Amino acid sequence: MRRAKDNSKVPKRYYRPEQVTCPRCGHRLRRCYPLWRKYIVFLSSRYLVISMGYSCPNPKCMRPDRVYASPEARGLTLRGSSFALEVIVQIGYWRFWKRWTVTQIHEVLTQERHVPISERQLLYLIGVFLVLLRCTYHLRLEEQAAYFR
């Protein structure tokens, strides 16, 4: 029978927006509620990441219902994934630049790095890496356009 993960000792990371004041009225932003919380697996360990929402307390502000969030927290992982982007990129690097097999990558992640991942999840993340690589194709093409001219 499968057991639930013990999340009692997982460290927490709180993220808040970079803005301190409201761009409309200049009042100091106030914490209102957590926008999302998620367990994310990094190469070092697992963390409970909490993105806090901040809003303007001024009732006369043009947009008092606007909630500000941390862009850094949004960039840690992809939506719907519990693995950090650093894990996805490292897996893609090992697979396509180092030419490691899926079994080799799985052994390194589970035995040396202690990342809780199955081989099936690893295959899924390789597919995610290929999608991310394809999304950056036009950026890499513009970067090398001067060389080809």
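This structure is a prediction, so every number in the text was calculated from the model and none was measured.

1. Description of the nonpolar core
Phase 1 of the analysis: Phe83, Ile91, Leu109, Ile117 and Leu122 are the most contacted members of the largest nonpolar core, which totals 18 residues.
Phase 2 of the analysis: Within the residue set of this core, elements represented by two or more residues are helix H2 (85–96), helix H3 (102–112) and helix H4 (119–135).
Phase 3 of the analysis: In terms of residues, this core owes the most to one element, H4, which gives five residues.
Phase 4 of the analysis: Setting aside its immediate chain neighbours within four residues, Leu109 contacts Leu43, Ile91, Trp94, His114, Val115, Ile117 and Leu122.
Phase 5 of the analysis: In this structure, Cys22, Leu29, Leu48 and Tyr54 belong to the second largest nonpolar core, which totals 10 residues.

2. As for the packing of H2 against H3
Phase 1 of the analysis: Two elements in contact, H2 and H3, have axes separated by 10 Å at closest approach and are oriented at 140°. By the criterion of interaxial angle, the relationship of H2 to H3 is oblique. Regarding H2 and H3, the two cross each other, and that crossing is right-handed. Side by side, H2 and H3 meet where Ile91, Trp94 and Arg95 of the first sit next to Val102, Ile105, Val108 and Leu109 of the second.
Phase 2 of the analysis: Of the residues in the contact of H2 with H3, the class split is six nonpolar, no polar and one charged.

3. Overview of H3
At 3.6 residues per turn, the α-helix brings residues three or four places apart onto the same side.
Phase 1 of the analysis: Buried residues of H3: Val102, Ile105, His106, Val108 and Leu109, and no others. All buried residues of H3 fall inside an arc of 165° around its axis, so they share one side. Exposed residues pointing more than 90 degrees away from the buried face of H3 are listed as Gln111 and Glu112.
Phase 2 of the analysis: A positive backbone phi angle near 60° is found at His114, which sits one or two residues after H3.

Calculation notes
Residues numbered from 1 in each chain as written. Predicted model: local features only at pLDDT ≥ 70, side-chain atom pairs only at ≥ 80, totals over all residues. Heavy atoms only, no water. Core = buried A, V, L, I, M, F, W, Y, C linked by side-chain atoms within 4.5 Å. Buried < 20%, exposed > 50% of the residue type's maximum accessible area, 1.4 Å probe, protein only. Helix = DSSP H or I, 4+ residues; strand = E, 2+ residues; numbered from the N terminus. Contact = heavy atoms within 4.5 Å. Axes fitted to C-alpha atoms, helices over the stretch in contact; angles between N-to-C directions. Parallel < 35°, antiparallel > 145°, perpendicular 65-115°, else oblique. Left-handed = near helix turned anticlockwise from the far one by under 90°. Nonpolar A, V, L, I, M, F, W, Y, C, P; charged D, E, K, R; others polar. Arc of directions from axis to C-beta.

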